[in-house]
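Residue-level structural notes
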Amino acid sequence: MKIKDETKARILMESLQYIKKFHNKIVVIKYGGHAMVNEELKDSVIKDIVLLKYIGMNPVIVHGGGPEISYYMNLKGLKPEFIDGLRVTTPEIMQIAEMVLTGSISPQIASKFNANDVLSVSISGKDGRSIRAKKRDERLGLVGEVTGINTKYILRLIEDGYLPVVSPIAYGEGGISLNINSDEVARRLAAALGADKLIMITDVNGVMRDYKDPDSLIQRMTISDVEQAVDDGIIWGGMIPKLECCVGAIKGGVRRCHIINGTVPHSILLELFTKVGIGTMITADRRKNL
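Residues numbered from 1 in each chain as written. Predicted model: local features only at pLDDT ≥ 70, side-chain atom pairs only at ≥ 80, totals over all residues. Heavy atoms only, no water.

1. Points about a negative patch on the surface
Judged by side-chain charge, Asp225, Glu227, Asp231, Asp232 and Asp285 come together as a negatively charged surface patch. Assignment of secondary structure puts Asp231 in helix H7 (residues 223-231). For Asp231, a relative accessible area of 63% translates into the label exposed. (Patch = residues over 30% accessible without salt bridge, like charges linked within 9 Å, V, L, I, M, F, W, Y side chains within 5 Å. Areas by Shrake-Rupley, 256 points an atom, 1.4 Å probe, with all protein chains shown as cover. Salt bridge = Lys/Arg side-chain N within 4 Å of Asp/Glu carboxyl O. Lys, Arg positive; Asp, Glu negative; His and termini not counted. Charge placed at Lys NZ, Arg CZ, Asp CG, Glu CD. Helix = DSSP H or I, 4+ residues; strand = E, 2+ residues; numbered from the N terminus. Buried < 20%, exposed > 50% of the residue type's maximum accessible area, 1.4 Å probe, protein only.)

2. Description of the confidence of the model for the protein
Reading fine detail from the predicted coordinates is not recommended where pLDDT is low. Confidence along the protein averages 90 in pLDDT terms, with 94% of residues attaining 70 or more. The weakest mean pLDDT in the protein belongs to helix H1 (residues 5-22) at 69; the strongest belongs to strand E8 (residues 163-167) at 98. (pLDDT = per-residue confidence, 0-100.)

3. Some details on the packing of aromatic side chains
Across all of its chains, the model carries two aromatic pairs by this definition. Relative to Phe273, the ring of Phe22 lies with its centre 6.3 Å away and its plane at 40 degrees, an arrangement referred to as tilted. Highlighted residues: Phe22 in helix H1 and Phe273 in helix H9 (residues 267-273), separated in sequence by 251 residues. In this pair, the class of Phe22 matches that of Phe273, namely buried. The positively charged end of Arg129 is found above the aromatic ring belonging to Tyr171, 5.6 Å away from the centroid. (Phe/Tyr/Trp six-rings, centres within 6.5 Å; stacked < 30°, edge-to-face > 60°. Lys NZ or Arg CZ within 6 Å of the ring centre and 35° of its normal.)

4. Description of helix H2 (residues 39-54)
Between its first and last C-alpha atoms H2 spans 22 Å; for 16 residues at 1.5 Å apiece the expected length is 22 Å, and the two agree. Among all positions of H2, only Leu41, Lys42, Ser44, Val45, Ile46, Asp48, Ile49, Val50, Leu52 and Lys53 are buried. On its buried face, H2 is in contact with strand E1 (26-31), strand E2 (58-63), helix H4 (91-115), E8, strand E11 (197-202) and H9. With a side-chain oxygen lying 3.0 Å from the backbone nitrogen of Glu40, the N-terminal cap of H2 falls on Asn38. (Expected span 1.5 Å × (residues − 1). Contact = heavy atoms within 4.5 Å. Polar contact = N/O pair within 3.5 Å; in protein donor to acceptor, adjacent residues only side chain to side chain.)

5. Looking at the environment of Ser124
On the secondary structure map, Ser124 appears in strand E5 (residues 120-124). Judged by its relative accessible area of 3%, Ser124 is buried. Put simply, Ser124 and Glu98 are 26 residues apart on the chain and 9.1 Å apart in space, counted from C-alpha to C-alpha. Apart from residues no more than four positions distant in its own chain, Ser124 is found in contact with Thr102, Ser130, Ser167 and Ile169.

6. A short note on the pairing of E1
Counting buried residues in E1 gives six out of six residues, a clear majority hidden from the surface. Neither face of E1 is exposed, since Ile26, Val28 and Lys30 on one face and Val27, Ile29 and Tyr31 on the opposite face are all buried. Note: E1 against E2, six bridges, orientation parallel. From the neighbouring strand, Ile29 faces E2, where its bridge partner is Ile61. Read from E1 through H2 to E2, the crossover connection turns out right-handed. (Pairing = 2+ DSSP bridges. Right-handed = clockwise from strand over helix to strand, strands pointing away.)

This is the structure:
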């Protein structure tokens, strides 16, 4: 259906208030799900983020890459093993993870931004020791938990006009590489950078009261709402760690977190620049100026 010119103008005017509000703000985007592997969806996400940059926002991308790591492990005859949802990472698997995340996925994403005339650099947490970590559990091998964020390096990139694309590889003791859960990196980075927003790109519409009912989307939640929903059993499975990530970010100073469906074209723009939005927004308990 063709959109009338008046409708287009109304949408643009509606978005103006949000564009003014978010100007020069840092927004951390956790990039994952099918939007990372489907080329059409990938282009949609990239163009959304390019627009954010051109209207004066400062996006920082954190990405995952679990399926790709598993693929290359299988090629070498290595069977993926997980404990509490975290990949057991031997030195051999660490080499694969670093090759895939830092050597392949990050540069590919950065190249797409550069092709759209947005200067971008791919980095890992080892660069400038921007993400420091320690081993989480000996059973997990080279899996780390974040102990500190050096924001100077990333902020300098932002100040110089670059869009950072960050792979979740951290600097461990003595310079060893540690594999970090990408949600944890996104949460800690958003808090350390004083980000206005953390956006989690997933394959689901957001938090649902009934996952079988597409009309049961919960559009806005506070930290207390999240805790109550978990207690009531409304939220379960893979959504719980996503919401824990959002709650942790908000407690760390991030103003708003958004869980959106990256399989919906231009979902970032629809969530940020329209009144209704498209996903679930999580805030602190005292909500102001929403």
